[in-house]
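Chain by chain, the residues:
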Amino acid sequence: MAKEIDNNEEELLNEETEQLQTESEQAEEEAVSPSEVVIEEADDAAEKKLAEAEAQIAELKNQLLYKAAEFDNYRKRVMQEKAELIKNGGAKVITTILPILDDLDRAQQNMDKLEDVAACKEGVLLIIDKFMKLLKQEGLEKIEAVGKDFDTDYHEAVAMVPGLPEAQKNKVIDCVLEGYMLNDKVIRHAKVAVAQ
């Protein structure tokens, strides 16, 4: 009987040991090591950063599309304004010239009636003077050429005159066609004869 008790106790002991081992194995399987906890936390942080980055990318994409559309509208508006300026840009100059045109019409009408040529000439000179003042107000200046050194920035040589004194060499001696500058920019070179 003592043997039976020993066997029973041994069996119970074996069962308890097996049960403890099984429980220990299960606990080990269920137990999360500290490195696994760190990995899971790192995965969660990475997923959070990824989600934030994707949201930021989407926001930047929307901003880019908005800016591209805004720039396209701006470009179209500028092109339309430029076309309008080109179409109607001369209107200001023409309206300032209209009084001169009126004066010329009156002079033409009076030319037939006038017998005094000097008075007619004086009237035309006044109109020319008025016209030149108006153009000067708009920024137009005549290029002074005669007696000046020949300068390709302002003059265009149409003739070279040989046989003049050395002092006049490379100087403009005659202006065939006047040159003009508009706001310090040459719009027509003076056509000149230059001493050789």
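Visitor: What is the right way to read the nonpolar core from this model?
Guide: As a rule of thumb, nonpolar side chains are buried together in soluble globular proteins. Counting residues in hydrophobic clusters, the biggest one holds six residues: A145, V172, C175, A190, V192 and V194. If you list the elements that add at least two residues to this core, you get β3 (172-177) and β6 (190-195). The element that contributes the greatest number of residues to this core is β6, accounting for three residues. Once residues within four sequence positions are removed from consideration, C175 is found in contact with A145, V146, A190, K191 and V192.

Visitor: Just checking my understanding: could you explain the sheet that holds β6 for this structure?
Guide: Pairing between the strands of a sheet is mediated by backbone hydrogen bonds and can be parallel or antiparallel. Spatially, three strands are ordered β2-β6-β3 in an open sheet, and the strand pairing comes out mixed. Where the open sheet ends on each side, the last strands, each with one partner, are β2 (155-161) and β3. The average undirected angle you get between the axes of adjacent strands in this sheet is 30 degrees.

Visitor: Can you walk me through helix α3 (residues 91-113) in this structure?
Guide: An α-helical turn contains 3.6 residues, so a residue and the one three or four places further along point in the same direction. Relative to the 33 Å expected for 23 residues at 1.5 Å per residue, α3 spans 34 Å between its end C-alpha atoms, a close match to the ideal helical length. Considering bend angle alone, the principal kink of α3 is centred on I97 and spans about 35 degrees; proline P99 follows within four residues of it. Of the positions making up α3, those classed as buried are I100, D103 and A107. Structurally, α3 contributes buried residues whose contacts are with α4 (117-137).

Visitor: I keep staring at a nonpolar patch on the surface and nothing clicks. Help me out?
Guide: A contiguous nonpolar surface patch, about 350 Å² in accessible area, is contributed by I94, L98, L101 and L104. Following the sequence through the fold, L98 ends up in helix α3. According to the relative accessible area criterion, L98 is partly exposed, its value standing at 39%.

Visitor: What exactly am I supposed to notice about the pairing of strand β4 (residues 179-182) here?
Guide: Along any regular strand, the residues point their side chains to alternate faces of the sheet. When strand β1 (residues 140-143) meets β4, the two strands line up antiparallel, connected through four bridges. Bridge assignment links K142 to a residue of β4, and that residue is Y180. Hairpin connection between β4 and strand β5 (residues 185-188): a loop of two residues separates the two successive antiparallel strands, and N183 in this loop has a positive phi of roughly 50 degrees.

Cut-offs and rules
Residues numbered from 1 in each chain as written. Predicted model: local features only at pLDDT ≥ 70, side-chain atom pairs only at ≥ 80, totals over all residues. Heavy atoms only, no water. Core = buried A, V, L, I, M, F, W, Y, C linked by side-chain atoms within 4.5 Å. Buried < 20%, exposed > 50% of the residue type's maximum accessible area, 1.4 Å probe, protein only. Helix = DSSP H or I, 4+ residues; strand = E, 2+ residues; numbered from the N terminus. Contact = heavy atoms within 4.5 Å. Pairing = 2+ DSSP bridges. Axes fitted to C-alpha atoms, helices over the stretch in contact; angles between N-to-C directions. Expected span 1.5 Å × (residues − 1). Bend = angle between axes of the 7 residues up to and from the residue. Patch = residues over 30% accessible without salt bridge, like charges linked within 9 Å, V, L, I, M, F, W, Y side chains within 5 Å. Areas by Shrake-Rupley, 256 points an atom, 1.4 Å probe, with all protein chains shown as cover. Salt bridge = Lys/Arg side-chain N within 4 Å of Asp/Glu carboxyl O.

Everything listed here is a matter of coordinates, which is why it stays silent on function.
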